[in-house]
Amino acid sequence: MQEFAGELRLSKKTIGFVPTMGYLHQGHMSLVQESKARSSCTVVSIFVNPTQFAPNEDLAKYPRDLKKDCLLLENAGVDVLFFPDAQEIYPEGFDTYIYPDSLSRIHEGEFRPIHFRGVCTIVGMLFNIVKPHFAFFGQKDAQQAAVIKRMCTDLKFDLEVVVCPIIRENDGLAMSSRNVYLAPKERQQAVKLYESLLHAQKLISEGVRNTNRIVEEMIQIIKGIENHKLDYIRIVNAVNFSEVEMLKTGADYYILIACRVGVTRLIDNELIRF
Ligand code: PAF
């Protein structure tokens, strides 16, 4: 892959890169479409990265379907599938990690303390292998995209990080490989996460600026999910992810949600632009 990417660069091809953990859905494929529109060669990686999962998380049961993924990628006209082996990525003696700092300790970082270290390490390594001009990430993982952008700026990675909109199911549930874990009733009720985001948008469009009130009303909607545990709802500045009490004109915000529905941890968000 590294050699091939070097040759592509020598022949002045632009490389678009979509890193994934597989079990692809329309969210991933929208990143592929964006990459194909912007680059002459699109590389997709599939690698379920062990270092971004804590021991109590779902690494072993993370859904996999390589055959279906290959078909989707082929039909979409992807040029290269990079599917490395865990032994190649993390050979014996591997001892170097990228530790993102303050941005990785809040929100998702509070609940998944080693997660962003694993993400930055694998993404940084994949960037060195695939040598992309553009890399595409979904807004669904808004904090991940921000951490990766910060890493690229701070460590001078020579590429552009492109963040693409959330793709939703017909009823509004954000597409995620983990949705497959939801039992039918949980799947039905999980849409309340999106409904709470829509309600927040409505309140804001009616002039509500106090974020405590918005979060309180969102919580009331999420309480309609029978078996849930809300990790957080936070309204944050869209650049530095610091929490805000009052929304002000001229800034962008994310409303972030992380919630367990049954045993499945789901995240979602909405970008609020004034
Ligand atoms: O978002 C994901 O699927 C993963 O975190 C990524 C970026 C592929 C790194 O393993």
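Heads up: the structure comes first, above all this text.
Values in this document were obtained by computation on a predicted structure and should not be read as measured data.

Criteria and thresholds
Residues numbered from 1 in each chain as written. Predicted model: local features only at pLDDT ≥ 70, side-chain atom pairs only at ≥ 80, totals over all residues. Heavy atoms only, no water. Pairing = 2+ DSSP bridges. Helix = DSSP H or I, 4+ residues; strand = E, 2+ residues; numbered from the N terminus. Axes fitted to C-alpha atoms, helices over the stretch in contact; angles between N-to-C directions. Contact = heavy atoms within 4.5 Å. Parallel < 35°, antiparallel > 145°, perpendicular 65-115°, else oblique. Left-handed = near helix turned anticlockwise from the far one by under 90°. Nonpolar A, V, L, I, M, F, W, Y, C, P; charged D, E, K, R; others polar.

Asks: How should the sheet that holds strand E5 (residues 160–164) be read in this particular structure?
Replies: Two pairing modes exist for strands in a sheet, parallel and antiparallel, and in both the strands are linked by backbone hydrogen bonds. Taken in spatial order, the 5 strands line up as E3-E2-E1-E4-E5 in an open sheet, and their pairing is parallel. The strands lining the two open edges of the sheet, one partner per strand, are strand E3 (80–82) and E5. Geometrically, the sheet is characterised by an average inter-axis angle of 25° between neighbouring strands, direction not taken into account. Pairing analysis gives 2 bridges linking strand E1 (residues 15–20) to strand E4 (residues 134–138), with the strands arranged parallel. What sits directly across from phenylalanine 17, in E4, is alanine 135. Where helix H6 (residues 115–130) meets the sheet, its contacts fall on E1, strand E2 (41–46), E3 and E4, and the angle it forms with E1 comes to roughly 145°.

Asks: Can you help me understand the packing of helix H9 (residues 191–205) against helix H10 (residues 211–222) in this one?
Replies: Packed helices, taken two at a time, are described by the angle their axes make and the gap between the axes. Between H9 and H10, the shortest axis-to-axis distance is 9 Å and the interhelical angle comes to 150°. With respect to each other, H9 and H10 are oriented roughly antiparallel. Crossing angle aside, the handedness with which H9 passes H10 is right-handed. In this structure, H9 contributes Lys192, Leu193, Glu195, Ser196, Leu197, His199, Ala200, Leu203 and Ile204 to the contact, and H10 contributes Arg213, Ile214, Glu217, Met218, Ile221 and Ile222. In terms of residue class, the contact of H9 with H10 is made up of 9 nonpolar, 2 polar and 4 charged.

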